[in-house]
Every structure is written in C-alpha cells, then in structure tokens.
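If you want the building blocks of each chain, they are given just below.
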Amino acid sequence: MKLMIAEKPSVARDIAGVIGGIKRHQGYVEANGYTITWAVGHLVTLADAQEYDAKYKKWNIGDLPIVPKAFRLKVIESSAAQYKIVASLLKRAEEVIVATDAGREGQLIYEWIARSVGFKGPAKRLWLSSLTEEAIRHAMRRLKSNAEYKNLYYAGFARAQADWLIGINATRALTTHTGTLLTVGRVQTPTLAMIVRRDLEIEHFRPEPYFELDATFSHVEGEYRGKWMNGDKTTRFRRREDVLSVLAKVEGRLGTIVQLEQKVVKEQPPQLFDLTSLQRTANQKYGFTADQTLKLAQSLYETHKVLTYPRTDSRYLSDDIVATLPRRLSAVAKTFPELAKLVPDVLHPTKKVVNASKVKDHHAIIPTEKPASTALRHDERKIYELVAKQTVAALHEPAEWASTTIVTAVVGELFKTTGRALLKSGWKAAFGLEDTHNQSKSSEDEDLQTTLPTVKKGDEVQTQQVVVLSKQTKPRRTLPKRRSCLLWRMRTDRWMMKRWPRR
C-alpha cells in the first residue's frame, strides 16, 4: 500500500482531488492507488514529567532539574482516535509519502508518528508551497527521499526539548518558590519581559523640554523655511534663553545661501513579505493581531489557495519561481482591476527579491496563479490585497525623487532646509500614492518640503519670520527589532540552563 500522510484533512482532500478516483473512509480516503490519511496537528507529543517517575506528580524544588536521559513520546488523548487509524495504515504501508506541512514542525509531526508506531520503511517527501492544482501536480512529480529532510526533524525535536526543559523546570521552580502558579516559556517569558520592560520605561519616562528655531526666508523666486542647526547639526536648544538669544540675533536680518545640493535619489522597491513583516504591516494598517493575520493568511493558503505557504521566515524567491511570476501577477490583475495597469510590462526582480541562498524551507509569501474569488471575507481580502500590492511593488522599478538641501547663513547662524519632489512614482504607484505631497511626507521627517523656489549658492534672502517651537522628548514605544528579540531569547535560554544546570 502506498500511504500518504497529510497534516490536515483539508490538505488531504485537496491532494486527493488532484489525484482523482476518491473513495472516502473513516479517517482516510483512497484515490487511484493512493491511501491518504491525515493528522490533526500533532498526534504525538513529549511525555509529561510524571510519566518518567511517579515522584514528579508532586512539585518539589528539590527534584529539579528534571532532565530525561531519553525523551519519551505519548499519544495526545484528544487525537487518539485518528492516531489509531494512522498507525493502523502505517503498519500496513509499503511506502510512505510525507505530505505534512513543508517545514520544521510538519516534519516533526510525521517523524514522531513514525517513531511511535515503529515504521522504518521507505518514505518520500511531498514539498508544497501552495495548494493549487498545478502546484500539487508539480510537487508530485518532484518527490524526494524523506531522508533529505532529517535536519528539519532534528531542529523541530531540539525546539520541543528546549520548550520542555525550560517550561517544566522553570515553571516548577518559580511556582514552588513563590507559592503561586507562574508559567514560564522559552519564548513566552522573554517576550513578555520585553513588553513589560518597555511598558515600565514608558510609565516612568519623564519628558524633558527642548526648543527649536524655525525661520522663513524670502527669495525673489519665493519663500522657504529653514531649521536652525549648529556645526554638528544639532537642532535643539536645552535652554529658552539660548534660543531667544539666537532669535533676537537673526530676526529681520539678511541671509546668504552658503550651500546648495541637488541630486536625483532612487528609492528602491520594498522586499516581499515573510510572516513577521506581513503581521507587522497588517497590525499597523488594520490593527490585526499577529494571530489574526496568521489565521487569515492560513485560510488564504489552505481554503482559497490564493497565497503561498504563510509560515515562512524568508523574504526572497528562488530562481525557479521567477518564470511563474507573470501568471501570478495576471491573477492579481484579475482580482484587482485597478492594479492591472500598474503591473509592470518588464519585471525588475532584483537581488532583494530573488536570492536562492536566502530561501530555506519556503520562499516569501506571494500570490498563487489562482485569482481570488468573491468568496473572500472582508478581512481575508485585506490580507490578500496587502500581499498582492507588495508583490507588484517589489517587482517594479525604483521611485525617483529630486532631493534638495539648502543651508542659509544669517549673521553666522545656520539654517537647514530639505526638500523632496517626486519625479517618477515607480513602485509607489502600486500602493495608490498618486498625491506627491502625501508621498513625500513621513513621520520621521516633518520638516521635509515638497516645493522650493529656484535658488543658487550665494543668493541673498530676507529673514521674514522666526518662530520658537517648544517641544518635549517622548518615550520609545516600539519593541526591539527582531534580531534583538532573538538575541534576548537565546541569552534567556542560556540563563535558564545555568540556573538549573544538569546534575
């Protein structure tokens, strides 16, 4: 019997539908010579501490650390009925095709089932990044030996052991020490610590006043504004008397343009989405939680089959995907007619888009060749649109800006003016940014001006108006970037292991 094991019933049905000749049974289907069954997530997990020794039923700090010599597996009680079906089929299988989710966790799900049943027969791997009919047929023609994916299993098993060791030992240690149930997790606890630490920083933040000086200059070609800066480009005054002194010095006086820099700046397209960047963008734009975004993306992948595999940490494509991009963009254009005219005639896949060395398990999240139907729910459509626009933008040419910097000197005091005007929208057109004024403004640079008079170095200007701006420092409200989070997590893991070393 040729047995195929999928991770979910829906994926098993999709594969069976492509193979054809379906006969349905309890817990599995038959399809033209294949028997296709499924897990329901994990069917097998690591055994609890008390299953190694009955004394661990009671939480005693003197028993810590609990470090099994060899980790045991157990069948998850709620999934026992499906496990029996899968185990029975696996014992009769002559060959297995592993069709669990293509990644570390999917590989772990199959390997634990096979290990608990004792299956040691030949196994091949079906690697799917999308669930369209074309993608399934393509993957069926490219089956590989499951042994090539063993490292994914080892990575998943290592992750599970780390979660077990830290969760069991640290939770029991803190709970018995404090007398209150305190759960500790390898990822949960350092992530919570980051949030709490930043929240405390905000709560205890004491704003400090500072002042800035803005001047308006009159030139024969028009007016422009400038912000005071000193030689090291600092723009802030700490004391009111200092800023008032400069104001009195320059108000109503003639100035001279001592520096003029004009250049064309290219703004490169954005990268494609991985799961983290998609979750971050969906939160900023729609207020979706990370879990909401993942569930919506998973539905677009599994149910509607219009997005590729969402649980990816890559923002790049491999070379073999490039040939499929025109069909994918055609599907996007059919779904969003307003994007049809923005799909570039000539694609510009740069190294920020195509880099096989940076694709591990899965490539970036992109649309499939299947147009989205009207059956998409409102929130699903929002996520699909985010990915569609990001994909169109990433394959477009750069945007071009005319960047101008003016430095005006007034009786020895310097004022800096920066301006930027859009010359070519390029990739920005994919996001519907037709208003050049809105495009040039950003939260990071409130002083950027979109229209400046035509001036040249050495021109004289009149200081028309000088304004003192009273401001206050603000606390940081963002968490550390992803790299910092990972470093913190690793440091926390090492601290946990040092706290309860293996005896």
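Residues numbered from 1 in each chain as written. Predicted model: local features only at pLDDT ≥ 70, side-chain atom pairs only at ≥ 80, totals over all residues. Heavy atoms only, no water.

Enquirer: Quick question: what am I supposed to make of the packing of aromatic side chains here?
Expert: Two descriptors summarise a pair of aromatic rings, namely the distance from one centre to the other and the angle between the planes of the rings. Scanning all chains against the criterion turns up 13 aromatic pairs. Between Trp 127 and Tyr 149 the ring centres are 4.9 Å apart and the planes differ by 20°, which places this aromatic pair in the stacked class. Taken as a pair, Trp 127 in the loop between strand E8 (123-125) and helix H4 (133-140) and Tyr 149 in the loop between strand E9 (144-145) and helix H5 (150-178) lie far apart in primary sequence, 22 residues in all. Clustering of aromatic rings is evident, with ring pairs tying together Trp 112, Tyr 153, Tyr 154 and Phe 157. Here Arg 125 stacks its cationic end above the ring of Tyr 149, 6.0 Å away from the centre of that ring. The ring of Tyr 210 has Arg 236 sitting right over it, with the charged end atom 3.9 Å from the ring centre. (Phe/Tyr/Trp six-rings, centres within 6.5 Å; stacked < 30°, edge-to-face > 60°. Helix = DSSP H or I, 4+ residues; strand = E, 2+ residues; numbered from the N terminus. Lys NZ or Arg CZ within 6 Å of the ring centre and 35° of its normal.)

Enquirer: Can you help me understand unusual backbone geometry in this one?
Expert: Note: most residues except glycine have negative phi, and most peptide bonds are trans. The residue after Leu 64, namely Pro 65, is reached through a cis peptide bond having omega 0°. Within the secondary structure, Pro 65 is located in the loop between strand E5 (44-46) and strand E6 (73-75). A positive phi angle, near 60°, is found at Lys 305, a position not held by glycine. As for its placement among the helices and strands, Lys 305 is situated in the loop between helix H9 (290-302) and helix H10 (319-322).

Enquirer: What should I look at first to understand H4 in this one?
Expert: Because the α-helix completes a turn every 3.6 residues, residues three or four places apart line up on one side. All of the buried residues along H4 are Ala 135, Ile 136, Ala 139 and Met 140. Looking down the long axis of H4, one finds its buried residues gathered within 135° of arc, a one-sided arrangement. Residues of H4 that are buried make contact with strand E1 (2-6), helix H1 (9-19) and strand E4 (34-38). (Buried < 20%, exposed > 50% of the residue type's maximum accessible area, 1.4 Å probe, protein only. Arc of directions from axis to C-beta. Contact = heavy atoms within 4.5 Å.)

Enquirer: What am I meant to see in the pairing of strand E13 (residues 399-410) here?
Expert: Consecutive side chains along a regular strand alternate between the two faces of the sheet. Taken across its twelve residues, E13 has eleven buried, putting it largely inside the fold. Bridge analysis of E13 against strand E14 (residues 413-424) gives eleven bridges, and the strand direction is antiparallel. Residue Thr 404 lies in a different strand from E14, and its bridge partner there is Gly 419. Taking the residues between adjacent antiparallel strands as the criterion, E13 and E14 are bridged by two residues, where Val 411 takes a positive phi near 40°. (Pairing = 2+ DSSP bridges.)

Enquirer: Is there a simple way to think about the nonpolar core in this case?
Expert: Nonpolar side chains tend to gather and get buried jointly when the protein is soluble and globular. By size, the foremost hydrophobic cluster in this structure holds 41 residues, and its most contacted members are Leu 278, Leu 317, Ile 383 and Tyr 384. Looking at this core, the elements that each hand over two or more residues are helix H8 (275-286), H9, helix H11 (325-335), helix H13 (378-394) and E13. Of the residues forming this core, the biggest block, eight residues, is contributed by H13. Once you skip the residues sitting within four places of it in the chain, Tyr 384 turns out to touch Leu 300, Val 306, Leu 307, Ala 331, Val 332, Thr 335, Phe 336, Pro 367, Lys 370, Ala 372 and Leu 376. (Core = buried A, V, L, I, M, F, W, Y, C linked by side-chain atoms within 4.5 Å.)

Enquirer: How do you make sense of the environment of Val 98 when you look at a structure like this?
Expert: Here Val 98 lies in strand E7 (residues 95-99). Its relative accessible area of 0% is what places Val 98 among the buried residues. Separated by 310 residues in the primary sequence, Val 98 and Thr 408 place their C-alpha atoms 69 Å from one another. Discounting chain neighbours no more than four positions away, the residues touching Val 98 are Ile 5, Tyr 110, Ala 123, Lys 124, Arg 125, Leu 126 and Asn 146.

Enquirer: Explain empty space enclosed by the protein to me, please; I cannot follow it from the model alone.
Expert: A probe as big as a water molecule, rolled over the atoms, marks out the empty space that is left. All chains considered together, the criterion is met by two cavities of 30 Å³ or more. Quantified by volume, the second largest cavity comes out at close to 50 Å³. Taken together, Val 11, Ala 99, Thr 100, Asp 101, Ala 102, Arg 125, Leu 126, Trp 127, Leu 128, Leu 131 and Tyr 301 form the lining of the second largest cavity. Considering only residue class, the lining of the second largest cavity consists of eight nonpolar, one polar and two charged. (1 Å grid on protein atoms, 1.4 Å probe; cavity = no way out; pocket = protein on both sides within 12 Å on 5 of 7 lines; lining within 4 Å. Points joined across faces, edges and corners; volume = space filled by probe spheres on them. Nonpolar A, V, L, I, M, F, W, Y, C, P; charged D, E, K, R; others polar.)

Enquirer: I tried to follow the packing of H11 against H13 on my own but got confused; where do I start?
Expert: The axes of two packed helices give the description: the angle between them and the distance between them. Axis separation between H11 and H13 bottoms out at 11 Å; the angle between their running directions is 130°. Classed by the angle they form, the pair H11 and H13 counts as oblique. As H11 runs across H13, the sense of the crossing is left-handed. Residue-level contacts link Leu 329, Ala 331, Val 332 and Thr 335 of H11 to Arg 381, Tyr 384, Ala 388, Thr 391 and Val 392 of H13. Grouping the constituent residues of the contact of H11 with H13 by class yields six nonpolar, two polar and one charged. (Axes fitted to C-alpha atoms, helices over the stretch in contact; angles between N-to-C directions. Parallel < 35°, antiparallel > 145°, perpendicular 65-115°, else oblique. Left-handed = near helix turned anticlockwise from the far one by under 90°.)

Enquirer: Where do I start with the sheet that holds strand E10 (residues 209-219) in this structure?
Expert: One key point about sheets: their strands pair by backbone hydrogen bonds, in either a parallel or an antiparallel sense. Spatially, E10-E11-E14-E13-E12-E15 is the arrangement adopted by the six strands of the closed barrel, whose pairing is antiparallel. Taking the axes of each pair of neighbouring strands and ignoring which way they run, one obtains an average angle of 35° across the sheet. Pairing between strand E12 (residues 254-267) and E13: eleven bridges, direction antiparallel. The residue of E13 that forms the bridge with Lys 266 is Glu 400. Along the sheet, helix H7 (residues 240-250) contacts E10, strand E11 (222-229), E13, E14 and strand E15 (460-472); its crossing angle with E15, the most-contacted strand, is approximately 165°.

Enquirer: Help me understand the sheet that holds E4 in this model?
Expert: Here we have seven strands laid out as an open sheet, ordered E2-E3-E4-E1-E7-E8-E9, and mixed in their pairing. Looking at the sheet topology across the chains shown, the edges are occupied by strand E2 (22-25) and E9. Taken together, the five bridges between E1 and E7 define a ladder with parallel strand orientation. Across the sheet, the residue bridging to Lys 2 is Glu 95, located in E7. Helix H2 (residues 80-92) rests against E1, strand E3 (28-31), E4 and E7 of the sheet, and its axis sits at about 150° to E4.

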